[in-house]
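Here are the chains, one letter per residue:
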Amino acid sequence: METVTLSVKGMSCMGCVKSVKRVLEPIAGVEAVDVSLEEARATIRYEPGKANPEQFKSAIRDAGYEVP
Ligand SMILES: [Cu+2]
C-alpha cells in the first residue's frame, strides 16, 4: 500500500471536501481517502498497480478543483 498527498485548490466548504472524497473513493485500488479543507490537501492510500496518482489528479480536476 502506498500513500500520496496532493494539494487541492478551490475547496471552500465541507461540501467541497465531500465532493473530492466522492470522486476518489470509487476508484479501484483506493483504500482510504482523507481530505482536509484547512490544509487544502487530499491524502489517498492506494494499491500501486491498481491505481496511480495521475488518476487521482484527473478525478479531482474533473470535479472542478485544481491540483497544482
Ligand atoms: Cu464547497
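What comes next is a walk through the structure. (Residues numbered from 1 in each chain as written. Predicted model: local features only at pLDDT ≥ 70, side-chain atom pairs only at ≥ 80, totals over all residues.)

Glancing now at the nonpolar core. In terms of nonpolar packing, the biggest core is built from 14 residues, with Val8, Val20, Leu24, Ala42 and Ile60 touching the most fellow members. Only helix H1 (14–24), strand S3 (41–46) and helix H2 (53–62) provide two or more residues apiece to this core. Not counting residues up to four positions away in its chain, the partners in contact with isoleucine 60 are Leu6, Val8, Val20, Val23, Ala42, Tyr65 and Val67. (Core = buried A, V, L, I, M, F, W, Y, C linked by C-beta atoms within 7 Å. Buried ≥ 20, exposed ≤ 12 C-beta atoms within 10 Å, placed from the backbone. Helix = DSSP H or I, 4+ residues; strand = E, 2+ residues; numbered from the N terminus. Contact = placed C-beta atoms within 7 Å.)

For the pair H1 and H2, interaxial distance at closest approach is 9 Å and the crossing angle is 135°. Considered as vectors, H1 and H2 are oriented oblique to each other. As H1 packs across H2, the resulting crossing turns out to be right-handed. In this structure, H1 contributes Val20, Val23 and Leu24 to the contact, and H2 contributes Phe56, Ala59, Ile60 and Asp62. Taken together, the residues that form the contact of H1 with H2 break down as six nonpolar, no polar and one charged. (Axes fitted to C-alpha atoms, helices over the stretch in contact; angles between N-to-C directions. Parallel < 35°, antiparallel > 145°, perpendicular 65-115°, else oblique. Left-handed = near helix turned anticlockwise from the far one by under 90°. Nonpolar A, V, L, I, M, F, W, Y, C, P; charged D, E, K, R; others polar.)

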